[in-house]
Amino acid sequence: MRKTITTIALIAVLGTMAASCQKESPINQASIVSESCTTYTVQYTIDGVSHTVTLIGEDTWHDFLNRMFALAEEGHVVSFRNVESSPTAISAKETIKHTTTSKEEAYAWGESMGKSGYLVTIEYDKETGVYTCYAIK
């Protein structure tokens, strides 16, 4: 009987020690990872039709931008705005125009202005190969 009680007590102590040495649960670690991702709430229009989407992470943001540029190259007029970066106070409208034949340059400009809270509009002229981009704050 003494051996049984000693064995049970030893197992209980070892079990308690093992539980106290465990790391955080995987659920808590997953929530920490998701908190570190950048989230974008984007309002966008395609040929005047408005939409809103929430994008999580830089890869999703870049996929969204690639889609917007692809639609512009197909002849659509696209606009987008990152709601989190948009100003809430009403101020004088500032408009910046950027034209280029380089898709990479237009993409980088549009991404930068979009992240800065501007309403970015992209138009593409198939005949001239010129991207005309507007940013309005």
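These lines cover the structure that appears in this document, whether it is placed above or below. (Residues numbered from 1 in each chain as written. Predicted model: local features only at pLDDT ≥ 70, side-chain atom pairs only at ≥ 80, totals over all residues. Heavy atoms only, no water.)

**Let's talk about helix α4 (residues 103-115)**
Between its first and last C-alpha, α4 extends 18 Å over 13 residues, near the 18 Å set by a 1.5 Å rise per residue. If you check which residues of α4 are buried, you get A106, Y107, W109, G110, E111, M113 and G114. Looking at the packing, one finds that the buried side of α4 touches α3 (58-73), β3 (78-82), β4 (95-100), β5 (119-125) and β6 (130-136). (Helix = DSSP H or I, 4+ residues; strand = E, 2+ residues; numbered from the N terminus. Expected span 1.5 Å × (residues − 1). Buried < 20%, exposed > 50% of the residue type's maximum accessible area, 1.4 Å probe, protein only. Contact = heavy atoms within 4.5 Å.)

**Considering the nonpolar core**
Here is a general trend for soluble globular proteins: nonpolar side chains tend to be buried in one another's company. V42, W61, F64, M68, F80 and I122 are the most contacted members of the largest nonpolar core, which totals 24 residues. Examining the composition of this core, we find that seven residues originate from one element, α3, more than from any other. When near neighbours in sequence (up to four residues on either side) are disregarded, V42 contacts H51, T52, V53, L55, W61, F64, F80 and R81. (Core = buried A, V, L, I, M, F, W, Y, C linked by side-chain atoms within 4.5 Å.)

**Some points on the sheet that holds strand β2 (residues 49-56)**
The strand order across the open sheet formed by six strands is β2-β1-β3-β5-β6-β4, and the pairing between neighbours is antiparallel. Two strands in the sheet have a free side with no partner beyond their single neighbour: β2 and β4. For this sheet, the mean angle separating the axes of adjacent strands, direction not counted, is 20 degrees. By the bridge criterion, eight bridges tie strand β1 (residues 39-46) to β2 in an arrangement that is antiparallel. Bridged to Y44 within β2 is H51. (Pairing = 2+ DSSP bridges. Axes fitted to C-alpha atoms, helices over the stretch in contact; angles between N-to-C directions.)

The quantities given are spatial measurements derived from coordinates; they are silent on function.
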